[in-house]
Amino acid sequence: PTTPVTGAWYDAAAGRYEPRLGRLGEERLPTWSQLDLSVARRWRVASTDLSAAVEVWNVTNRENTEAYIYTDDYSGRGALRGLPTTAVVGLRAAL
């Protein structure tokens, strides 16, 4: 849940707009979903343990809204989006 901004007022002393908030937790963000994949492999070479991993985050490349961001005067808002499809590779050696 999130609290909507219903308007704004100008604080002349601070020189900025302040939000006028609606009811606490009255609004919901859009449905959020994400599919992540991970593959890992471990093996031993001599006396060293090696491991490698590949992960792909947000395989479906869905543009999930993680929060709302507002203009300076709170007259408009946009969506703060999550990560696009992202690949990560990891290598590890333990002696």
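This text follows the structure it describes.
Residues numbered from 1 in each chain as written. Predicted model: local features only at pLDDT ≥ 70, side-chain atom pairs only at ≥ 80, totals over all residues. Heavy atoms only, no water.

Engineer: Before we move on, can you summarise the pattern of salt bridges with the specific residues and values?
Structural biologist: For the coordinates displayed, the defined rule picks out three salt bridges. Residue arginine 16 pairs with glutamate 18 through a salt bridge whose shortest N-O separation is 2.6 Å. The shortest N-O distance in the salt bridge between aspartate 49 and arginine 44 comes to 2.6 Å. Assessed through its relative accessible area of 53%, arginine 44 is described here as exposed. (Salt bridge = Lys/Arg side-chain N within 4 Å of Asp/Glu carboxyl O. Buried < 20%, exposed > 50% of the residue type's maximum accessible area, 1.4 Å probe, protein only.)

Engineer: Mind laying out the sheet that holds strand S7 (residues 86–94), listing which residues take part and the relevant values?
Structural biologist: Taken together, the three strands give an open sheet; going across it, the order is S3-S4-S7, and neighbouring strands pair in antiparallel fashion. The sheet is open, and its two edges are formed by strand S3 (37–45) and S7, each paired on a single side. Each neighbouring strand pair of the sheet contributes to a mean axis angle of 10°, computed without reference to strand direction. Strand direction decides the pairing type here: strand S4 (residues 48–57) and S7, joined by nine bridges, are antiparallel. Bridge pairing in S7 places tryptophan 57 opposite threonine 86. (Pairing = 2+ DSSP bridges. Helix = DSSP H or I, 4+ residues; strand = E, 2+ residues; numbered from the N terminus. Axes fitted to C-alpha atoms, helices over the stretch in contact; angles between N-to-C directions.)

Engineer: Explain unusual backbone geometry residue by residue, including any values.
Structural biologist: Phi is positive for alanine 46, which is not a glycine, with a value near 55°. Tracing the backbone shows alanine 46 in the loop between S3 and S4. Phi is positive for asparagine 58, which is not a glycine, with a value near 55°. Inspection of the secondary structure assignment puts asparagine 58 in the loop between S4 and strand S5 (65–70). Looking at asparagine 58, the relative accessible area reads 1%, which means it is buried.

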